[in-house]
Amino acid sequence: MEVTNNLYSGLSASTKTKAENLYNYPSLNVLENPPASNDTHHTVNFQPELLLEKISNCATKFVFALHNNNNFSRKDVFEIQETAKQFLIDPLLDLFKLFAVHKIELDVCAQNELCGLISKCRNPFKHLNTDYLLYKWLNEGDYAKNITEFTIDNQVTTVHRKGKLVYDEKTIKGVVMPLKFQFRKTFEKDDLLFRTLGNIELLKNDTRFSNFVQGKLWQQKMALYPNKTIIPYFLYVDDFEINNPLGSHAGTQSVCNLYYSFPCLPGESSKVENIFFAGTIKSTDIKTHGNEKCFEFLVEQLKDLEINGIDIKTSQNLNPIRRVHFILGLVLGDNLGLNGFLGFNKSFVSKSYCRICKAVKEDCQKLTSENSDLIRTVTNYESDVQLKNIVETGIESNSILNSIPSFHVVDNSYVDIMHDLFEGVCHYDLCHIIPHFIKMKYFDLETLNSRKRTFEYGRHEIGNISGDIKQLHLDKKKLKMSAREMMSFIIFFPLMVGDFVPADDDVWKFLINFVEIIDIILCFEIHESNLTLLENKIKKHHEDYILLFRDTLKPKFHNFVHVVRVLRNSGPLRKLWCFNYETKHRQFKIYSHCITSRKNICLTLAKKYQLKFANYLIHQDTNLEESSVCLNPKHEIGSKFLNIILSKLNSKETELKFYSKIVYRGHDIIPTDYIATFEEDIYIYKIIEITLFRNSVLLFAQKLERVEYNPHYVAYVVDPNILGQLKFIPANNIIGPPLSLIKTARGICMLRIKEYYKPIA
């Protein structure tokens, strides 16, 4: 290059090498065909345009990484950009300039060129340092589309203007994101459409029931669109408080957020990163103006996604653009939010409150199994709408969602185990079970709390320990535990106190039956043989609850009589629960606490997500893995058993990599962990090393020989010192999360297999 030759002309060999090294920066890779390190007399083909472009790209990623941070407002990011330029970039460039001018012998022409290059690097954020430039760059790069603010109502009311109270028009608005744009960009990124369609085909041919697309409900929706490419998505709706919940403005700015997710993405589709923001409306506006006005614009968008579809680019040469129709599979949420959004009665105290059946309150209090004759249908729903009697029918109004061709609210087969089970049934059960055990003098409350505090939860559950149980909590039938804390407590409760309680105690049998119900419900894969068993166990649970505690079944108990129907229609319930969606709320709560303005909070939250979505597109590394197993290069280590592994795999050392940790279905797995597999029976292994062999993650493990299932504890009694054969286990063969060795108060070593139930032959 002529500029480069002029720059180096007349310099000594050693000085020329120093100057060349200033440009030969390896991480930016701006040299074409870089020479060998021992060649100091080569011709350098330096391309400053590439250097500047790479600097600009890095600056862009840096800026959007800041925008992606929930603690920074746009104003904060602009200030950080200016501060970084003023106190970091400018001093560094000045230093480089002075060094080059005074330490390297450059002619005037070369000095001018160097100064010009440094000047161009002065402000790498110049294309993003104002709101106008930021959004201009986003729109031109197809990283964002305009957010839609739709009008819910216009009204003349008293408002404050410059300290005076005047009459003026007040426009009430909601916000909907550009859904067609977001859907398109999501599936064009990393050729996700092709991978998703491939995953759907795999699921169709899989005998294991593990996904929504394998359920009866999706089969019905598919029949409406033969010979078309269709993909399901879930819509989640829920209110949350953005202000201090104990402050004077609590409740006045509560917002209703809507999210969507795709259940059939490859890998772990339920991760928080794969839950997307659809829109937001103030909760008070929904209460005042109703669903029709507040969600009409959103529903039109959803109908367009289904009827007209979207053209999505793919990497396939034969079919580079594919028309995809997106079908609303389920609407998810807690009971209050979901009933309100679907147009059902939001109160449990009314005569008819169930979304799935027409059973009245008095019957629900004693109904131990589902009555198929009472199931809501489109026909009886329309008849009930005509009655316009919410107390008798449980229907507030004909839902606007029914205008979506493939969707009807009576077919929304869904039960949320986060709220109904871990924030509902578990509390009622334990608040009867614990007082019974205390009354029988098996243990007292102080002993229980002591056992609870000193129990060996293991490293996987150590963050989910709740506080002490108090008599006040038992009296109110509400323990002071979050849903996740309750999940850990109920799973380990038999191990905590099982040595105190005799096996023939009827309440203990009730508890064990309930824990087994939870194990089946938490399975990632549901076996048909277990569905009938689950139905019988739920029936027995409800009957025993009424008989043993002389109490009526609460509304959340009633939802569980429909669990088997929901499982058959919609797939495993753990893949539908609200945990991850409520985690998504946290991003918006954190951000709302970092800003002081509440003038148009819905638009403010939407603009924040717009920048977060742009960051998702700009960073090309995808959040989705084809496998449930994730590896990180920084965890790569050496092997202590290399020769043994090479011999058993009959491989070369270059074909192997070893890791100190992997992530499997969201759980960290390390050597020394215990895992379980099902090979006609359940086997337990201790991991020795984690190996990557020909793109497959293998766990080099040793089998526990002395293992005995103890039904009294719903756990396996093991001897960790008696180990048998060494074996390679594919990571995807693991059942449930990794296990922690638990030593009970009596010194017995046990392992509790969670989120799995042995299939019934």
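Residues numbered from 1 in each chain as written. Predicted model: local features only at pLDDT ≥ 70, side-chain atom pairs only at ≥ 80, totals over all residues. Heavy atoms only, no water.

Novice: Help me understand the overall build of the protein chain, please; the structure alone is not making it clear to me.
Specialist: Per the secondary structure count, the protein chain includes 25 helices and 20 strands. Taking the principal axes of the C-alpha coordinates as reference, the protein chain spans close to 100 × 80 × 55 Å. For the protein chain, buried positions account for 52% of its 761 residues. Restricting to contacts in the protein chain with at least 6 residues of sequence separation, those with at least 24 account for 68%. A total accessible area of about 35,700 Å² is found for the protein chain, and carbon and sulfur atoms account for 51% of it. (Helix = DSSP H or I, 4+ residues; strand = E, 2+ residues; numbered from the N terminus. Buried < 20%, exposed > 50% of the residue type's maximum accessible area, 1.4 Å probe, protein only. Contact = heavy atoms within 4.5 Å. Areas by Shrake-Rupley, 256 points an atom, 1.4 Å probe, with all protein chains shown as cover.)

Novice: Would you explain the pairing of strand S17 (residues 715-718) in this entry?
Specialist: Here is the key point about a regular strand: its side chains alternate between the two faces of the sheet. Two strands pair when backbone bridges link them, and strand S16 (residues 707-710) and S17 are joined in this way by 4 bridges, in the antiparallel orientation. Within the sheet, the bridge partner assigned to Asn 710 lies in S17 and is Ala 715. Following S16, the chain reverses through 4 residues before pairing antiparallel with S17; Val 714 in that reversal takes a positive phi of roughly 55°. Judged from the 2 bridges that link them, S17 and strand S20 (residues 749-751) form a sheet pairing that is antiparallel. Following the sheet pairing, Tyr 716 is matched in S20 by Leu 751. (Pairing = 2+ DSSP bridges.)

Novice: Before we go on, may I ask you to explain helix H7 (residues 179-188) in this structure?
Specialist: In an α-helix there are 3.6 residues to a turn, and that puts residues three or four apart on one side. Of all 10 residues that make up H7, 8 are buried, and the element is covered over most of its length. Looking only at H7, the buried set comprises Leu 179, Phe 181, Gln 182, Phe 183, Arg 184, Lys 185, Thr 186 and Phe 187. Remark: Asp 190 follows H7 within two positions and exhibits a positive phi of approximately 55°.

Novice: So what exactly am I meant to see when it comes to the nonpolar core here?
Specialist: In terms of nonpolar packing, the biggest core is built from 166 residues, with Leu 179, Ile 231, Phe 262, Phe 326, Phe 422, Ile 490 and Phe 493 touching the most fellow members. Once residues lying within four places of it in the same chain are set aside, the contact partners of Phe 422 are Ile 417, His 427, Ala 483, Met 486, Met 487, Ile 490, Ile 518, Leu 522, Trp 577 and Phe 579. Counting residues in hydrophobic clusters, the runner-up holds 22 residues, among them Phe 78, Leu 128, Tyr 135 and Ala 614. (Core = buried A, V, L, I, M, F, W, Y, C linked by side-chain atoms within 4.5 Å.)

Novice: Is there a simple way to think about the pattern of salt bridges in this case?
Specialist: Should the charged atoms of two oppositely charged side chains come close, the side chains can pair. Tallying each qualifying case throughout the model produces 36 salt bridges. In this structure, Asp 90 and Arg 122 form a salt bridge, with 3.5 Å as the shortest nitrogen-oxygen distance. In this pair, Asp 90 sits in helix H4 (residues 74-103) while Arg 122 sits in the loop between helix H5 (108-120) and helix H6 (131-140), placing the two residues 32 residues apart along the sequence. Its relative accessible area of 17% is what places Asp 90 among the buried residues. With its nearest N and O atoms 3.3 Å apart, the salt bridge here joins Arg 484 to Glu 461. A residue pair is termed long-range when its members are at least 10 positions apart, and Arg 484 in helix H18 (residues 483-497) and Glu 461 in the loop between helix H16 (445-454) and helix H17 (471-475) qualify at 23 residues. Owing to a relative accessible area of 23%, Arg 484 belongs among the partly exposed residues under this scheme. (Salt bridge = Lys/Arg side-chain N within 4 Å of Asp/Glu carboxyl O.)

Novice: Got a minute to help me understand helix H20 (residues 528-549) in this structure?
Specialist: Over its 22 residues, H20 extends 32 Å from the first C-alpha to the last, a length consistent with the 32 Å expected when each residue adds 1.5 Å. Within the sequence span of H20, burial applies to Asn 530, Leu 531, Leu 534, Lys 537, Ile 538, His 541, His 542, Asp 544, Tyr 545 and Phe 549. On an axial view of H20, the arc spanned by its buried residues comes to 170°, and they lie on one face. Buried residues along H20 sit against helix H15 (417-439), helix H19 (506-521), helix H21 (555-559) and helix H22 (563-570). (Expected span 1.5 Å × (residues − 1). Arc of directions from axis to C-beta.)

Novice: I tried to follow the packing of aromatic side chains on my own but got confused; where do I start?
Specialist: This structure, assessed with the given rule, holds 45 aromatic pairs. Between Phe 276 and Tyr 616, the aromatic rings sit 5.8 Å apart at their centres with planes inclined by 75°, giving edge-to-face as the arrangement. Taken as a pair, Phe 276 in strand S5 (residues 275-282) and Tyr 616 in helix H24 (residues 601-618) lie far apart in primary sequence, 340 residues in all. The buried category is assigned to Phe 276, whose relative accessible area is 1%. Exposure remark for Tyr 616: the relative accessible area of 12% places this residue in the buried category. Where Tyr 609 meets Phe 613, the ring centres are 6.2 Å apart and the plane angle is 35°; that geometry is what we call tilted. Here Tyr 609 and its partner Phe 613 are both found in helix H24, 4 residues apart, which amounts to about one turn of the helix. Classification of Tyr 609 as buried rests on a relative accessible area of 4%. The class for Phe 613 is buried, based on a relative accessible area of 2%. (Phe/Tyr/Trp six-rings, centres within 6.5 Å; stacked < 30°, edge-to-face > 60°.)

Novice: Before we go on, may I ask you to explain the pairing of strand S6 (residues 310-313) in this structure?
Specialist: Burial of the side chains of S6 is restricted to one face: Ile 310 and Ile 312 are buried, whereas none of Asp 311 and Lys 313 on the reverse face is. When S6 meets strand S7 (residues 321-332), the two strands line up antiparallel, connected through 4 bridges. Pairing of Ile 310 across the sheet is with Val 324, part of S7.

Novice: Is there a simple way to explain the sheet that holds strand S11 (residues 662-664) in this structure?
Specialist: Strand pairing in a sheet relies on backbone hydrogen bonds, with the paired strands running either antiparallel or parallel. Taken in spatial order, the 3 strands line up as S8-S11-S12 in an open sheet, and their pairing is antiparallel. The open sheet has two edge strands with one neighbour each: strand S8 (629-630) and strand S12 (667-669).

Novice: Sorry, what's going on with the state of the cysteines here?
Specialist: Here, the word disulfide means a covalent bond between the sulfur atoms of two cysteines. Across all of its chains, the model carries 0 disulfides by this definition. You can see Cys 523 has no disulfide; the closest cysteine sulfur is in Cys 426, sitting 16 Å from it. (Disulfide = S-S within 2.5 Å.)

Novice: Can you help me understand the sheet that holds strand S19 (residues 742-743) in this one?
Specialist: Spatial ordering of the open sheet is given by S16-S17-S20-S19, a layout of 4 strands whose pairing is antiparallel. Two strands lie at the open edges of the sheet, namely S16 and S19, each paired on one side alone.

Novice: Is there a simple way to explain the side chain of Asn 70 in this structure?
Specialist: Along the polypeptide, Asn 70 turns up in the loop between helix H3 (48-68) and H4. In this structure Asn 70 comes out as buried when scored by relative accessible area, which is 16%. Looking at Asn 70, its side chain comes within polar contact range of the side chain of Lys 612, at 2.9 Å. Beyond its immediate stretch of four places on either side in the chain, Asn 70 contacts Gln 587, Ile 590, Tyr 591, Cys 594, Lys 608 and Lys 612. (Polar contact = N/O pair within 3.5 Å; in protein donor to acceptor, adjacent residues only side chain to side chain.)

Novice: Is there a simple way to think about the side chain of His 127 in this case?
Specialist: In this fold, His 127 is placed in the loop between H5 and H6. Here the side chain of His 127 touches Pro 124 through a polar contact of 3.4 Å, landing on its backbone oxygen.

Novice: Which parts of the structure should I look at to understand unusual backbone geometry?
Specialist: The phi angle of most residues is negative, glycine excepted, and most peptide bonds adopt the trans form. A positive phi angle is found at Asn 227, which is not glycine, with a value near 65°. Secondary-structure assignment places Asn 227 in the loop between helix H9 (216-222) and strand S3 (229-240). Judged by relative accessible area, which is 83%, Asn 227 ranks as exposed. Not every positive phi belongs to a glycine, and Arg 550 is a case in point at roughly 50°. Looking at where Arg 550 falls in the secondary structure, it is placed in the loop between H20 and H21.

Novice: Would you take a moment to explain the environment of Ala 359 for this structure?
Specialist: The topology assignment puts Ala 359 in the loop between helix H11 (335-342) and helix H12 (361-364). For Ala 359 and Gly 394, which are 35 residues apart along the polypeptide, the C-alpha to C-alpha distance reads 9.9 Å. Excluding anything up to four places from it in sequence, Ala 359 contacts Lys 351, Ser 352, Cys 364, Leu 367, Leu 374 and His 558.

Novice: Can you help me understand the environment of Asp 519 in this one?
Specialist: If you trace the backbone, Asp 519 turns up in helix H19. Residues Asp 519 and Tyr 756 lie 237 residues apart in sequence; the distance between their C-alpha atoms is 5.6 Å. Leaving out residues up to four positions away in the same chain, Asp 519 has contacts with Val 714, Arg 752, Ile 753, Glu 755, Tyr 756 and Tyr 757.

Novice: Looking at this structure, how should I read the confidence of the model for the protein chain?
Specialist: For any part of a model where pLDDT is low, the fine detail of the predicted coordinates should not be relied upon. Residues at a pLDDT of 70 or more form 91% of the protein chain, whose mean pLDDT is 88. Counting interchain partners and residues more than four positions distant, the pLDDT-below-50 stretch residues 1-43 has 50 contacts. (pLDDT = per-residue confidence, 0-100.)

Novice: Looking at this model, I keep getting lost on the packing of H7 against helix H10 (residues 283-307). Mind explaining?
Specialist: The relative placement of two packed helices is expressed as an angle between their axes plus a distance between the axes. Where H7 meets H10, the axes come as close as 10 Å, and the angle between the chain directions of the two elements is 40°. Looking at the two axes, H7 sits oblique to H10. In contact with Leu 179, Lys 180 and Phe 183 of H7, H10 contributes Leu 298, Gln 301, Leu 302, Asp 304 and Leu 305. For the contact of H7 with H10, the class distribution of residues is 5 nonpolar, 1 polar and 2 charged. (Axes fitted to C-alpha atoms, helices over the stretch in contact; angles between N-to-C directions. Parallel < 35°, antiparallel > 145°, perpendicular 65-115°, else oblique. Nonpolar A, V, L, I, M, F, W, Y, C, P; charged D, E, K, R; others polar.)

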